[in-house]
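One-letter residues, chain by chain:
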Amino acid sequence: MSISRRTARSVRILGVASATAALALGAAGNALACNISEFSAEAKCDGTKGIISVTDVDASGTSAVVSVFLENNGADVQKVGEQEIKGSRQGVTITFAEDWKPNATYRVHVKAGNLVDADIKGNVTAPSTACATESPSPSASETPEPSETPSSPASSGTPSANPSESESSAAPATPGDNAPSPAAGSSNLAETGANSNTPMIAGIAGALVVVGGGAVFFGMRRRGASKSS
């Protein structure tokens, strides 16, 4: 039984469509597969510490192992570390603590099953400037301690509210304390009234004595005369 032309044409169209769908599915599968181009790395500072960061933007979320090596003249010097990562469309980042030196070179290798087994192209070169270091804080021994001895009222300039016993018991100075003491004779003359009216009184008393004596003399004389007559 022969196949009609219309049937053969339909079968041919169906085959072409199937092949096209297969190619599209293959391309989509390859697009979702893990690829080394989906990995990137960078040497930078996290505060005062150096790190190597690796980012995976593999949308398929394929698990991969990342290894970082310090390079020198194209040869591995030491292995910095190894970590597992599962990427995402938004990107997943892992970090390796590394006190890198300026302009140091690192090789980053990625192994993801049978899909990826390669190094990130171009390697990683550290910045030419090292991470900033924190200024040292003063130690406890260098911190000045407050003086335990309080300042005296005289040094602070504030007068003392309570005077000392010696100040309260001391007698106030009199104005004549600084003057020279009078001589002994001067004090006696003051007591006997040498500086007062004593000479005048003595003169008057002497005159009265003379007058009295004269009166007695004349009285006795008159008495004698009367007896003789």
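An account of the accompanying structure is given in this report.

Rules used throughout
- Residues numbered from 1 in each chain as written.
- Predicted model: local features only at pLDDT ≥ 70, side-chain atom pairs only at ≥ 80, totals over all residues.
- Heavy atoms only, no water.
- Patch = residues over 30% accessible without salt bridge, like charges linked within 9 Å, V, L, I, M, F, W, Y side chains within 5 Å.
- Areas by Shrake-Rupley, 256 points an atom, 1.4 Å probe, with all protein chains shown as cover.
- Salt bridge = Lys/Arg side-chain N within 4 Å of Asp/Glu carboxyl O.
- Helix = DSSP H or I, 4+ residues; strand = E, 2+ residues; numbered from the N terminus.
- Buried < 20%, exposed > 50% of the residue type's maximum accessible area, 1.4 Å probe, protein only.
- Lys, Arg positive; Asp, Glu negative; His and termini not counted.
- Polar contact = N/O pair within 3.5 Å; in protein donor to acceptor, adjacent residues only side chain to side chain.
- Contact = heavy atoms within 4.5 Å.
- Core = buried A, V, L, I, M, F, W, Y, C linked by side-chain atoms within 4.5 Å.
- Pairing = 2+ DSSP bridges.
- Disulfide = S-S within 2.5 Å.

**Some remarks on a nonpolar patch on the surface**
Residues Met200, Ile204 and Leu208 make up a contiguous nonpolar surface patch of about 330 Å² in total accessible area. Its location among the elements puts isoleucine 204 in helix H5 (residues 198–228).

**Things to note about the side chain of aspartate 56**
Its location among the elements puts aspartate 56 in strand S2 (residues 49–56). Of the side chains bearing the opposite charge, lysine 86 lies closest to the buried aspartate 56, which forms no salt bridge; the N-O distance is 10 Å. One polar contact links the side chain of aspartate 56 to the main-chain amide nitrogen of aspartate 58, over a distance of 2.9 Å. Within polar-contact distance, the side chain of aspartate 56 engages the backbone nitrogen of glycine 87 at 3.0 Å. When neighbours within four sequence positions are excluded, aspartate 56 is seen to be in contact with Glu38, Phe39, Thr62, Ile85, Lys86, Gly87, Ser88, Gly91 and Val92.

**Section: the nonpolar core**
A general feature of soluble globular proteins is that nonpolar side chains tend to end up buried together. Of all hydrophobic cores here, the largest spans 24 residues; its most connected members are Phe39, Val66, Tyr106 and Val110. The set of elements that each furnish at least two residues to this core consists of strand S1 (39–46), S2, strand S3 (63–72), strand S5 (92–97) and strand S6 (105–112). If we skip the residues at most four places from it in the chain, valine 66 touches Val54, Gly81, Glu82, Gln83, Ile85, Ile94, Phe96, Val108, His109 and Val110.

**Details of the pairing of S2**
Among the eight residues of S2, six are classified as buried, and the element is accordingly described as predominantly covered. Bridge analysis of S1 against S2 gives eight bridges, and the strand direction is antiparallel. By the bridge assignment for S2, lysine 44 is matched with isoleucine 51. Between S1 and S2, which pair antiparallel in sequence order, lie two residues; one of them, glycine 47, sits at a positive phi of approximately 75 degrees. Bridge count between S2 and S5: six bridges; the pairing is antiparallel. Residue pairing for S5: isoleucine 52 is matched across the bridge by phenylalanine 96.

**Observations concerning unusual backbone geometry**
One non-glycine residue, asparagine 73, adopts positive backbone phi at about 55 degrees. Assignment of secondary structure puts asparagine 73 in the loop between S3 and strand S4 (75–86).

**Observations concerning the state of the cysteines**
Under the counting rule described, the total for this entry stands at one disulfide. Disulfide pairing places cysteine 45 opposite cysteine 131 at an S-S distance of 2.0 Å. Handedness of the cysteine 45-cysteine 131 disulfide follows from its S-S torsion of about -100 degrees: it is left-handed. With cysteine 45 in strand S1 and cysteine 131 in the loop between strand S8 (124–125) and helix H2 (153–156), this pair connects stretches of sequence that are 86 residues apart. According to the relative accessible area criterion, cysteine 131 is buried, its value standing at 14%.

The values reported here are purely geometric and, on their own, carry no functional implication.
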